Structures are given as C-alpha cells and as structure tokens.
Amino acid sequence: MSEIKLLALDLDGTLLNGEKQITPRTRAALDRARAQGVLLVPVTGRPAQGIPPVVRELPGLRYVVSSNGATIRDLAEGKVLLEKHLSAALCLEVLDRCAQVPMIREVFRAGVGYLSREDYEILRARYAGTSMLQYHLDTRQVVPGTVADFLRADPRPVEELFFLTGSTGEKAALRDLLSDIHGIGFADPFPNDLEVIAQGIDKGEALGFLLGHLGIPAAQVLAMGDGGSDLPLLQAAGIGVAMANATEGLKAAADYVTASCDEDGVAAAIEKFVLDP
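All figures in this text were calculated on a predicted structure; none of them were measured in a lab.

A. Here's a closer look at the environment of F150. Tracing the backbone shows F150 in helix α6 (residues 147–153). When its relative accessible area of 14% is taken as the criterion, F150 is described as buried. Once the C-alpha coordinates of F150 and Y114 are considered, the two residues, 36 residues apart in sequence, prove to be 8.3 Å apart. Excluding its chain neighbours within four sequence positions, the residues that come into contact with F150 are V107, R109, Y114 and V143.

Take a look at the structure:
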C-alpha cells in the first residue's frame, strides 16, 4: 500500500458530525497526519463562503475544493486554481425549463447563494432549530425578484444552481426534465437536493486537477465521503472510504466502510490507513 500523502474529505456527514463539529478524536488524528506531512483538502458541495470556521482554522489548511468541484482555491496564495462555471445564459435555459416546478431555487456565485425573499423564508422555516440554520443564514443573500431576474441583471458566470425539492421522487423527475440540456451536469449530495453544475466537472475531476498541480499520484490519496456526489471522489483516490452513514451505493463502491460521522469514522480511517504505528 502506498504511503498516503493527501486526505480528500467531504464535510457534511463525513468530517463534520451531526452537530457540524469536528470531534476531538478526529481533530487529534488530523493533527497527527499533518505532523507526518499529509495534506488535508476539504472537497465539498458547499460554496467557499460556507466552509465553517472549525474547518477553515485547521492548522496547515491550504487548498479547498468547493461547489462540488467547480472551484479550487489556494488559500495561502489567495488565488483560484480552477473555475469551471455555468454561463448565465445556460442557467436561464435551465430555469426556464423548470419554471413551473414547485421548489426552492438558488444560484451560487463567488461562494454566496442568492435566492428570492419567498424562498429565503421557506429555507429559514425548513432549517429552524437545526445545526444547518446558521450556515444557510451566513451564506445566502436575498435578491429583488427571482434568481432569473438576478442573472438577467448580472450575467456573469456562476458556480451552480441549487434546487431543493420536496421529495426524492420530485428530484428524480426534475433531473429527467433537465437531462437533455447540453452543457450541464448534476450533483446529488442529499436526498431532496439537486445541484446543477457545469458538464465535465465533479469532485473526482477536481481532485485529479489538484493532484496534477501538486504532483501527487492518486495512489497516495485517501478520500472519504457519504453521499452520491462523493462517488467520483472515492473513485479518483487510491483508497476510497465510505462512512457508515453513507448511501448504500457509495458503501458498495468503497474500498472500506468506516464508522459514522458521529462515531469518529474519519479518525478511525486515518488511524487505520495513514498514521504511523
């Protein structure tokens, strides 16, 4: 087995537990890995602005992959290494196609989510009393009118469109409705959420780009995740680890299944595959 040089970790449901924290055992394992010269790279569906302080403030953190691979940032240099975004015109085509579908619509640009006042209030009500509420409040901005109006007024490219449907069935129907639009791809981080991103980019493609930039072979990467959008990430790594709380499909595809995010699963995998005896 090759010596692991880089940890590529999803955040929600993986590095972060149900309370959106890093457990003490996991933090200790990360510190020991860093002392061995191992790089930690968060690879998340969150926008850059949504990376929580508990992650941003980890010692030695330099590279972040956000928006399901649409953007890679070098925090030390303060620059963007990769951007693969959607044009405003393509987003408007998507929004027009699903204009009659009842759901929350958001557009992400430069790490911030923009949505209508009506959808913002629905979002607040949906996450009231949960650990995700503050994340949504910190990373969303209300726009006048609709997100389509927002894109017409400011047609710069965006990282993704985010749709929050009412059920897995509604999400599947939405994906079918949009599937023939050229130039888009999909990420499925949560059961009722569908993220529309640029075609040809995902967490695995972004990881491959970063590995090329750093000169690290895939065999020296340990990747961990819990959702459908993490499948390309695990496939792009030498060792792909699924959390016990992962989808059944991800667990079936993984090289190893660790404990859940609430049971120090990341720490257990690092201790098994990365840390010196």
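There is more to say after this.
B. Expanded view of the pairing of strand β7 (residues 112–115). Residues of β7 alternate between two faces, with V112 and Y114 on one and G113 and L115 on the opposite face, all of them buried. With antiparallel pairing between neighbouring strands as the criterion, strand β6 (residues 104–109) and β7 make up a hairpin whose turn holds two residues, including A110 at a positive phi of roughly 50 degrees. Bridge count between β7 and strand β8 (residues 140–142): three bridges; the pairing is parallel. Note that in β8 the partner of L115 across the bridge is V142.

C. Expanded view of helix α4 (residues 117–127). Looking only at α4, the buried set comprises D119, Y120, L123 and Y127. Buried residues of α4 fall within an arc of 105 degrees about the axis and therefore sit on the same side. Exposed and facing more than 90 degrees away from the buried side of α4 are E118 and A125. Elements in contact with the buried residues of α4: β6, β7, α5 (133–139), β8 and β9 (160–164). Directly after α4, the chain includes G129, whose backbone phi takes a positive value near 80 degrees.

D. Highlighting the sheet that holds strand β2 (residues 39–42). Taking strand neighbours across the sheet as the criterion, the five strands line up as β2-β1-β12-β13-β14 in an open arrangement whose pairing is parallel. Each edge of the open sheet carries a strand with a single partner, namely β2 and β14 (256–257).

E. Broad picture of the packing of aromatic side chains. Across all of its chains, the model carries three aromatic pairs by this definition. A centroid spacing of 4.5 Å and a plane angle of 20 degrees characterise the contact between Y114 and F150, whose relative ring orientation is stacked. Residue Y114 is found in strand β7, and its partner F150 is found in helix α6; the two are separated by 36 residues along the sequence. With respect to burial, Y114 and F150 carry one shared label: buried. Over the face of the ring belonging to F162 we find R140, whose NZ or CZ atom lies 6.0 Å from the ring centre. Sitting over the face of the ring of F273, K272 holds its NZ or CZ atom 5.5 Å from the ring centroid.

Cut-offs used in this document
- Residues numbered from 1 in each chain as written.
- Predicted model: local features only at pLDDT ≥ 70, side-chain atom pairs only at ≥ 80, totals over all residues.
- Heavy atoms only, no water.
- Helix = DSSP H or I, 4+ residues; strand = E, 2+ residues; numbered from the N terminus.
- Buried < 20%, exposed > 50% of the residue type's maximum accessible area, 1.4 Å probe, protein only.
- Contact = heavy atoms within 4.5 Å.
- Pairing = 2+ DSSP bridges.
- Arc of directions from axis to C-beta.
- Phe/Tyr/Trp six-rings, centres within 6.5 Å; stacked < 30°, edge-to-face > 60°.
- Lys NZ or Arg CZ within 6 Å of the ring centre and 35° of its normal.

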